[in-house]
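Analysis of the macromolecular model
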Amino acid sequence: MDSTCLPEMPRRTFMVIIAGGLVAAPLAAETQPAGKVARIGFLGLNPGANPHRRGAFLQGLRDLGYVEGRNVVIEYRSAEGKLERLSALAAELVALKVDVIVTGGGTPTALAAKEATRTLPIVFTSATDPVTDGLVTSLAHPGGNVTGLSNLAPELVGKCLEQLKEAVPQVSLVAVLWQPGAVGGRTDMLKPAEVAARALGVRVQFVEARGPADFDRAFSDMTRARAGALAVLGSAIFNSERRRLVDLAAKHRLPTVYTSRDFVDAGGLMTYGANLADLFRRAATYVDKILKGTKPGDLPVEPTKFELVINLKTAKALGLTIPPSLLQRADQVIE
């Protein structure tokens, strides 16, 4: 994937960047109708855990001439990691009659927004399988009031195992950590892992963790089964607890592949997955087109760009030598 994801920014830095945008708006802002202020609703599952993603969206808007506080107002709503709050928050944004709703947090937030309105335009930033999940009719012709960007996560699980097997060629059992009910914890995400494992000549151990309280038990299960490596599937809760998961993987000396760059920035070994910051930045283009009159149903759902990032410092700590062939394919190597 990628243009490289930005590391997580301290709140002060994030606010300085936003403030900087208020001082110097791009020339493109001159093309906006005088006095016209766009209203955007931003629905997130837990944006506080990944402020750089929202920062990427704001940067995308600035690149197109929209400056928060000048010609665009953004109504933020966060479920603080609680899925059950999404419906009410989506309804709040609809009641505010915003021009468009942008959803972060993957498929659950997009579905909550769609359930709240069939008329207001909705742009999702990262949906796993928009057609199967009922968000759009087709990728090329979404129809309705919803469109956005897809990270096609089900196709990534097998690729993650391939990268892991190449990094740890002697591994015979790979644990797969997943959260039931999460986007990366759907049963249709597990089948590709089984198929890829058979092709690679390794066995897989599926380990459930419904939340942080299950982490210690999950890693104990992996240790008892003598897993030689670990793949962590996508989950908003896993992402918000990424530092703890990375520490547990290090403690149990498990070479681990993740599907989000955030884990590698936190010290994880490697990631193969969507550049989520790039998806948030590109979502601004959809917003711009919709604000200028294009119907969401006429905007094709775009696929994502994937990236392979490897942390050599972590590899060294694990006593692991990453093959040159894998390093050459990496989008970025952290040394």
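Structure: see above.
What comes next concerns the included structure. (Residues numbered from 1 in each chain as written. Predicted model: local features only at pLDDT ≥ 70, side-chain atom pairs only at ≥ 80, totals over all residues. Heavy atoms only, no water.)

Here we come to helix α2 (residues 51-63). In a regular helix each residue adds 1.5 Å, so 13 residues correspond to 18 Å; α2 covers 18 Å between its end C-alpha atoms and thus fits that length. By the criterion of burial, α2 is predominantly enclosed, with 10 of the 13 residues buried. Taken as a whole, α2 has its buried residues at P51, H52, R53, G55, A56, F57, L58, G60, L61 and R62. G65 sits one or two positions beyond α2 and adopts a positive phi of about 100°. (Helix = DSSP H or I, 4+ residues; strand = E, 2+ residues; numbered from the N terminus. Expected span 1.5 Å × (residues − 1). Buried < 20%, exposed > 50% of the residue type's maximum accessible area, 1.4 Å probe, protein only.)

Strands sit in the order β2-β1-β3-β4-β5-β11 across an open sheet of 6 strands; the sheet is parallel. A single partner strand is all that each edge strand has here, and the edge strands are β2 (72-78) and β11 (302-303). As paired elements, strand β1 (residues 38-44) and strand β3 (residues 100-103) share 4 bridges and run parallel to each other. Paired with F42 across the bridge in β3 is V102. The strands that α2 touches are β1, β2 and β3; relative to β2, the one it contacts most, it runs at about 165°. Contacting β1, β3, β4 (122-127) and β5 (146-150), helix α4 (residues 107-116) runs over the sheet at an angle of about 160° to β4. (Pairing = 2+ DSSP bridges. Contact = heavy atoms within 4.5 Å. Axes fitted to C-alpha atoms, helices over the stretch in contact; angles between N-to-C directions.)

Turning our attention to the packing of aromatic side chains. Scanning the model with the defined rule gives 6 aromatic pairs in all. Taken together, a centroid distance of 6.4 Å and an interplanar angle of 35° make the contact between F42 and F280 tilted. Of this pair, F42 sits in strand β1 while F280 sits in helix α11 (residues 276-291); the two residues are 238 residues apart in sequence, bridging distant segments of the chain. Both residues of the pair, F42 and F280, count as buried. Taking the centre distance of 4.5 Å and the plane angle of 10° together, the rings of Y258 and F263 count as stacked. Accessibility assignment for this pair places Y258 and F263 in one class, buried. Among the aromatic residues, ring-to-ring pairing joins F42, F57, Y76 and F280 into one connected group. Seen from the ring of Y76, R54 lies directly overhead, with NZ or CZ sitting 4.2 Å from the centre. (Phe/Tyr/Trp six-rings, centres within 6.5 Å; stacked < 30°, edge-to-face > 60°. Lys NZ or Arg CZ within 6 Å of the ring centre and 35° of its normal.)

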